[in-house]
There are 2 protein chains.
Amino acid sequence: MAEQEPTRRERYRRQTVAEIKAAAMTQLCEGGDETVSLNAIARSMAMSTPALYRYFAGRDELLADLAVDVHLALAGALEAAAGREASSVSRVEAVANAYRDWALAQPHAYHLAYETTYGAAREHAADRIVPAAQRCMNVFLGVVAEAGEPVAAALPAALDKQLRRRHGDQHRIPAAVLHFGLVWWSRLHGLISLELGQHLAATGVDTALLYRTEIDAMLDALRHRCGATA
Amino acid sequence: MAEQEPTRRERYRRQTVAEIKAAAMTQLCEGGDETVSLNAIARSMAMSTPALYRYFAGRDELLADLAVDVHLALAGALEAAAGREASSVSRVEAVANAYRDWALAQPHAYHLAYETTYGAAREHAADRIVPAAQRCMNVFLGVVAEAGEPVAAALPAALDKQLRRRHGDQHRIPAAVLHFGLVWWSRLHGLISLELGQHLAATGVDTALLYRTEIDAMLDALRHRCGATA
DNA sequence: GTCGCTCTGTTAATGATCGTAACTATGCAT
DNA sequence: ATGCATAGTTACGATCATTAACAGAGCGAC
């Protein structure tokens, strides 16, 4: 009931919001979050700047909404990559590769999603951003969980307890897997973050190869082998 | 020759740039790089804004100089932490802990150093930033190198060649150690980066504990044990 | 059909930002 | 003492985000 009521104005509104976000997204992808400007957006839409405030409370909120979209897009890419693979281990590998590929293709978007504080909109938009980011992480955790229990030798009791408490309700993921996924996600992110910040360029190493070795180490651990950490 | 000529004006100049950078640094540490404003700096010094351009080509260059200082300060903290320890393994542990401690104490400074593109000053200031960042990394590589050769089981030939080429001149660090240090540095950074971005807060895990387990895994690998990766 | 409300858009104005231009005064060397 | 590089000023222009005040269109109620 009261569901098939797009009431024309509503339709126009959604359309306008989409157009604003599209313009903002292209600005973001071209020049980074710093360069996205309300004036420029309005100009590109042949609109006056204050009109944008009918759709967004301000620049920070627009950026926060953009961050949500970025997380969702990334999650979609990861899910697609996982869907293309048959074996559970190759799924993990595909997701990890898709993660870096997406980040390199959209560096500014990745930066907005992971390394931006959103200024004042930090906790204001948290309720929107957190679920989007979690959908991203759940893809990774899901494929890791399917790939089997890793060796959970040195999982401290306290951490085990924490991991068991949280996430235990919704998903049936054992704590060891959760820890494994979390750690490896952070490792992949660390490499990508340094690469995007040009901090590995100075060392002269092939970042793709470095990433490759990390993935291999992760896969080794997933295969229950006592693989070398480095 | 011509070395003991501080020539008063020169002294005043150094003093002024120090004051400017100090004001900028406090602004940075309080509100992040976004909030550092030339106007605010000049105001706090009872100076007119355009006067700052006698000392810095613009805002981006000032931020780049600040990034250099941040890297140097971080390097100093790491060196100090290393100096306080006796055993080579405990030195690695101390440096890793100091790394996170420093980042948590100065989150915005860390962010400027590692997750900022410096806009247009990217390659313009690279020659200043890169050495400063490397001094930071060399502390880490140094203590790792002293702690002994890690197991270098799965080091691909191509990566080994790259690592041997670079860095081979100055330092006598074997490629396996270099790779080990680089990877573990990125892993620590990944965890810190996610923590600073509040991405781990949503999961409810104790970030300190998570960091602790990563350090333990690294130390295990350094002790030549075939430790579990996760 | 008309009244009235809400939504959407406008223009105008405020205050902040960085940066440049033109000008003045000071320090310092010749 | 003269002259030049340095360091500072005020004035200005171009952005930017945001708010206020106002005007028209959509749309339901009577």
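As the structure is a prediction and not an experimental result, all values here were calculated from the model.

*Asks:* Got a minute to help me understand the overall build of chain A in this structure?
*Replies:* Per the secondary structure count, chain A includes 9 helices and 0 strands. Ordered by position from the N terminus, the helices and strands of chain A form the series α-α-α-α-α-α-α-α-α. A burial count over chain A gives 40% of its 230 residues as buried. Expressed as a percentage of contacts within chain A between residues at least 6 apart in sequence, the contacts between residues at least 24 apart total 70%.

*Asks:* Before we go on, may I ask you to explain the protein's contact with DNA strand C in this structure?
*Replies:* Close contacts around DNA strand C come from 21 residues, with Ser48 and Ala51 of chain A together with Arg8, Pro50 and Gly58 of chain B the closest. Of all the secondary structure elements, the ones that give two or more residues to the surface near DNA strand C are α1 (9-31) of chain A together with α2 (38-44) and α3 (59-83) of chain B. Here the residues of the surface near DNA strand C are counted per class, giving 7 nonpolar, 7 polar and 7 charged.

*Asks:* How should I be thinking about the domain arrangement of chain A in this particular structure?
*Replies:* The parts lose accessible area when they come together, and the size of an interface is often stated as this lost area. Residues and elements named next belong to chain A. Assigned domains within chain A: domain 1 (1-56) and domain 2 (64-226). Contacts between the two partners involve 7 residues from domain 1, matched on the other side by 9 residues from domain 2. Along the lines of polarity and charge, the residues of the side of domain 1 that touches domain 2 split into 4 nonpolar, 1 polar and 2 charged.

*Asks:* It is not clear to me how helix α6 (residues 126-146) of chain B should be interpreted in this structure. Could you clarify?
*Replies:* Owing to its 3.6 residues per turn, the α-helix brings residues three or four apart onto one side. The terminal C-alpha atoms of α6 of chain B, which comprises 21 residues, lie 29 Å apart, in line with the 30 Å expected from a rise of 1.5 Å per residue. Within α6 of chain B, the full set of buried residues consists of Ile129, Ala133, Cys136, Asn138, Val139, Phe140, Leu141, Gly142, Val143, Val144 and Ala145 of chain B.

*Asks:* For this particular structure, what's the right way to read the protein's contact with DNA strand D?
*Replies:* For DNA strand D, the set of nearby residues contains 21 residues, the closest of which are Arg8, Leu38, Asn39 and Pro50 of chain A together with Ser48 of chain B. Breaking the surface near DNA strand D down by element, the ones donating at least two residues are α2 (38-44) and α3 (59-83) of chain A together with α1 (9-31) of chain B. Of the residues contributing to the surface near DNA strand D, the split by class is 7 nonpolar, 7 polar and 7 charged.

*Asks:* What's the story with the environment of Ser37 of chain B in this structure? I'm lost.
*Replies:* When you line up the elements, Ser37 of chain B lands in the loop between α1 and α2. For the pair Ser37 of chain B and Gln27 of chain B, spaced 10 residues apart in sequence, the C-alpha to C-alpha distance is 8.1 Å.

*Asks:* Can you walk me through the nonpolar core in this structure?
*Replies:* Within soluble globular proteins, side chains that are nonpolar generally end up buried alongside one another. Among the nonpolar cores identified, the biggest contains 121 residues, and Leu78, Val95 and Val144 of chain A together with Leu78, Val95 and Val144 of chain B are the most heavily contacted of them. When residues no more than four places from it in sequence are discounted, the contact partners of Val144 of chain B are Val92, Val177, Phe180 and Gly181 of chain B.

*Asks:* Would you mind showing me how to read unusual backbone geometry here?
*Replies:* A negative phi angle is the norm for most residues apart from glycine, just as the trans form is the norm for most peptide bonds. Residue Ala46 of chain A is not a glycine yet carries a positive backbone phi of 55°. Given 6 C-beta atoms within a 10 Å radius, Ala46 of chain A is considered exposed.

*Asks:* Is there a simple way to think about the packing of α1 of chain A against α3 of chain A in this case?
*Replies:* The angle between the axes and the distance between the axes are what describe a pair of packed helices. Residues and elements named next belong to chain A. Direction vectors running N to C along α1 and α3 enclose 80°, while the axes themselves pass 10 Å from each other. By the angle between their axes, α1 is roughly perpendicular relative to α3. Here α1 contributes Lys21, Ala24, Met25 and Leu28 to the contact with α3, which in turn contributes Leu62, Asp65, Leu66 and Asp69. Looking at side-chain class alone, the contact of α1 with α3 contains 5 nonpolar, no polar and 3 charged residues.

*Asks:* I'm lost on the environment of Arg223 of chain A in this one. Help?
*Replies:* All names here are of chain A. Tracing the sequence through the fold places Arg223 in the segment after α9 (207-222). For Arg223, a count of 13 C-beta atoms within 10 Å gives the class partly exposed. When the C-alpha positions of Arg223 and Ala40 are compared, they lie 51 Å apart, and in sequence the two are 183 residues distant.

*Asks:* Hey, could you run me through the packing of helix α6 (residues 126-146) of chain A against helix α8 (residues 175-196) of chain A in this one?
*Replies:* All names here are of chain A. Interhelical geometry of α6 versus α8 gives an angle of 125° and a closest axis separation of 9 Å. Classified by the interaxial angle, the pair formed by α6 and α8 is oblique. Seen from above, α6 lies across α8 with right-handed handedness. The segment α6 lies against α8, with Met137, Phe140, Leu141, Val144 and Ala145 engaging Val177, Leu178, Phe180, Gly181 and Trp185. A breakdown of the residues in the contact of α6 with α8 according to their chemical character gives 9 nonpolar, 1 polar and no charged.

*Asks:* Before we go on, may I ask you to explain the confidence of the model for chain A in this structure?
*Replies:* Low-pLDDT stretches of the model should not have their predicted coordinates read in fine detail. Residue and element names in this part refer to chain A. When pLDDT is averaged across chain A, the result is 87; 85% of the residues are at 70 or more. Per-element mean pLDDT across chain A ranges from 71 in helix α7 (residues 157-165) up to 98 in α2. Per-residue pLDDT stays below 50 along residues 226-230; that stretch engages in 18 contacts with residues further than four places along the chain or on separate chains.

Cut-offs used in this document
- Residues numbered from 1 in each chain as written.
- Chains lettered and ligands numbered in written order.
- Predicted model: local features only at pLDDT ≥ 70, side-chain atom pairs only at ≥ 80, totals over all residues.
- Helix = DSSP H or I, 4+ residues; strand = E, 2+ residues; numbered from the N terminus.
- Buried ≥ 20, exposed ≤ 12 C-beta atoms within 10 Å, placed from the backbone.
- Contact = placed C-beta atoms within 7 Å.
- Near = placed C-beta within 6 Å.
- Nonpolar A, V, L, I, M, F, W, Y, C, P; charged D, E, K, R; others polar.
- Domains from an automatic or database assignment.
- Expected span 1.5 Å × (residues − 1).
- Core = buried A, V, L, I, M, F, W, Y, C linked by C-beta atoms within 7 Å.
- Axes fitted to C-alpha atoms, helices over the stretch in contact; angles between N-to-C directions.
- Parallel < 35°, antiparallel > 145°, perpendicular 65-115°, else oblique.
- Left-handed = near helix turned anticlockwise from the far one by under 90°.
- pLDDT = per-residue confidence, 0-100.

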